[in-house]
Amino acid sequence: MAAQREWFEKDYYADLGVSSTATPKEITTAYRRLARKFHPDANPNDSVAEEKFKTISAAYDVVGDAGRRKEYDGVRAMSAGGGARGFGAPGGFGANQSGGDFAGADLGEMLGNLFGKGGGRPFQDVGASGGPKRGGDLETDLHLSFLDALKGVTTSVNLISDASCPTCSGSGASLGTHPRQCGECSGRGVLDDNQGFFSFSRPCNSCQGRGVIIDNPCLTCHGSGITTRPRVVKVRLPEGVKEGQQIRLKGKGTPGKNGGPTGDLYVRVHVEPHALFGRDGDNLTITVPVTFPELALGADIKVPTVDGDSVTIRIPPGTPNGRVFRVKARGVSSASGRGDLLISAELVVPTSLTEPERQALVALRDSASGSPRNFQSV
Ligand SMILES: [Zn+2]
Ligand SMILES: [Zn+2]
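Residues numbered from 1 in each chain as written. Chains lettered and ligands numbered in written order. Predicted model: local features only at pLDDT ≥ 70, side-chain atom pairs only at ≥ 80, totals over all residues. Heavy atoms only, no water.

## Regarding the coordination of the zinc ion (ligand 1)
Phase 1 of the analysis: Ligation of the zinc ion (ligand 1) by protein atoms is provided by C165 (SG), C168 (SG), C218 (SG) and C221 (SG), these donors lying 2.3 Å from the ion.
Phase 2 of the analysis: Around the zinc ion (ligand 1), the four donor atoms are arranged such that angles at the metal cover 104 to 115 degrees; this shape is classified as tetrahedral.
Phase 3 of the analysis: All donors of the zinc ion (ligand 1) come from a single chain, and their spacing in sequence reads C-x2-C-x49-C-x2-C. In terms of burial, C218 and C221 fall into one category: buried. (Donors = N, O, S within 2.8 Å, 3.2 Å for Na, K, Ca; no water. Tetrahedral: all angles 85-135°; square planar, octahedral: opposite > 155°, others 65-115°. Buried < 20%, exposed > 50% of the residue type's maximum accessible area, 1.4 Å probe, protein only.)

Right under this line is the structure:
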């Protein structure tokens with residue numbers, strides 16, 4: 001979270017009754033003592049105590065966190081140096097200030113410096129830190145057999161990721177209690193703030209931008225509503241999924257923050273190769289070994305299919321090696337229909353011969369039309 005403009009105005013150490021050099025432990029102890037004292041449950045219908053409780057919660061939220069405390073100390077140091085004096089005071093930062101504290105300074109640059117990251121766009125980060133935020137998208141890989149990818153399959157992927165807390169179902173409130181709407185911002189998580197020329201939306205301090213206040217945080221997730229745990233997500237893959245294809249599972253990613261929607265899960269499909277079949281888009285391919293006599297004399301050849309049965313193709317006499325036969329609608333089924341099965345006839349040359357085979361081949365070679373080479377025209 002970026003520095004907030006409230007940091008100029010507030011003394012969080014004083015709110016907690018500790019010095020600015022207090023150790024983290026001293027701060028936590030002070031916070032716990034005050035939180036118990038001013039807790040709304042202990043002070044029903046006491047708006048003063050409620051305000052006090054909010055104040056100390058907001059203070060602890062900053063100085064109770066090492067990183068944010070450092071940022072806050074930095075802002076305070078700058079503020080004490082004089083550059084930002086008058087900031088936030090009525091009329092102190094408005095249109096009529098040309099002769100005032102900021103004379104000669106580049107306003108955007110100044111604010112950019114003060115807020116660390118803005119770089120001429122002050123408060124950009126402040127708005128982003130409040131209100132509902134969509135959860136992140138997740139990616140995972142899924143390995144499928146060739147035939148499962150063709151048929152489509154319902155399977156599951158195992159993830160270790162942020163997920164809605166199972167104890168409180170993501171509410172962040174301990175069992176039997178409920179978060180209540182933040183009174184300060186009416187559940188919006190942000191407050192509008194007009195300062196002369198500027199209109200800011202800043203995260204509500206009472207609820208830290210969540211829009212709700214959790215009096216009794218869930219013990220499992222400490223009020224965040226999110227835990228990191230292994231989970232199993234069911235995935236239904238349509239028939240005909242391809243290698244590298246991404247399946248989007250809406251709402252199966254990381255839970256959102258402050259009531260924002262859950263992100264999506266992208267499952268990338270990896271298809272294992274098959275011993276016999278290959279794939280070319282929606283067509284399946286298979287290579288069928290054939291003998292020279294089958295190509296030369298013609299033959300009927302049985303070819304297996306992915307449906308578990310077989311088809312018979314007729315190889316006409318005099319078929320060249322490598323010729324592809326197409327069998328309609330025996331390929332990959334998908335939403336757009338079914339592709340074809342493409343069968344390549346590949347000549348296999350025998351590496352060993354029986355004596356009768358050898359004699360038959362010699363006779364063929366020595367016959368009048370035995371040689372295909374005719375180079376006389378060269
Ligand atoms: Zn929980
Ligand atoms: Zn609020």
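## What to know about the coordination of the zinc ion (ligand 2)
Phase 1 of the analysis: Coordination of the zinc ion (ligand 2) by the protein comes from C182 (SG), C185 (SG), C204 (SG) and C207 (SG), over a distance range of 2.2 to 2.3 Å.
Phase 2 of the analysis: Coordination at the zinc ion (ligand 2) is tetrahedral, judged from the four donor atoms that bind it and the angles of 104 to 116 degrees they form at the metal.
Phase 3 of the analysis: Between the donor residues of the zinc ion (ligand 2), the gaps in sequence give the motif C-x2-C-x18-C-x2-C. Both residues of the pair, C182 and C185, count as buried.

## Examining unusual backbone geometry
Phase 1 of the analysis: Residue H222 is not a glycine yet carries a positive backbone phi of 55 degrees.
Phase 2 of the analysis: Among the residues examined, H222 registers a relative accessible area of 67% and is labelled exposed.

## A word on the packing of helix α3 (residues 24-38) against helix α4 (residues 47-63)
Phase 1 of the analysis: Look at α3 against α4: their axes get within 9 Å of each other, and the N-to-C directions meet at 160 degrees. What the angle tells us is that α3 and α4 run roughly antiparallel. Note on packing geometry: the crossing formed by α3 with α4 is left-handed. In contact with I27, T28, Y31, L34, A35 and F38 of α3, α4 contributes A49, K52, F53, I56, S57, Y60 and V63.
Phase 2 of the analysis: When its residues are assigned to classes, the contact of α3 with α4 shows ten nonpolar, two polar and one charged. (Axes fitted to C-alpha atoms, helices over the stretch in contact; angles between N-to-C directions. Helix = DSSP H or I, 4+ residues; strand = E, 2+ residues; numbered from the N terminus. Parallel < 35°, antiparallel > 145°, perpendicular 65-115°, else oblique. Left-handed = near helix turned anticlockwise from the far one by under 90°. Contact = heavy atoms within 4.5 Å. Nonpolar A, V, L, I, M, F, W, Y, C, P; charged D, E, K, R; others polar.)

## Topic: α3
Phase 1 of the analysis: Helix length check: α3, at 15 residues, gives a terminal C-alpha distance of 21 Å against a target of 21 Å (1.5 Å per residue), a fit within 8%.
Phase 2 of the analysis: For α3, the complete set of buried residues consists of I27, T28, A30, Y31, L34, A35 and F38. The arc enclosing the buried residues of α3, seen along the axis, measures out at 165 degrees, which places them on a common side. Along α3, exposed side chains directed more than 90 degrees from the buried face belong to K25, R32, R36 and K37. (Expected span 1.5 Å × (residues − 1). Arc of directions from axis to C-beta.)

## Notes on the sheet that holds strand β8 (residues 246-249)
Phase 1 of the analysis: Pairing within the open sheet is mixed, and its three strands lie in the order β1-β9-β8. Two strands in the sheet have a free side with no partner beyond their single neighbour: β1 (138-144) and β8. When the angles between neighbouring strand axes are averaged without regard to direction, this sheet yields 25 degrees.
Phase 2 of the analysis: Summarising the sheet, β1 and strand β9 (residues 265-271) pair through seven bridges and their orientation is parallel. Across the sheet, T140 pairs through a bridge with V267, a residue of β9. (Pairing = 2+ DSSP bridges.)

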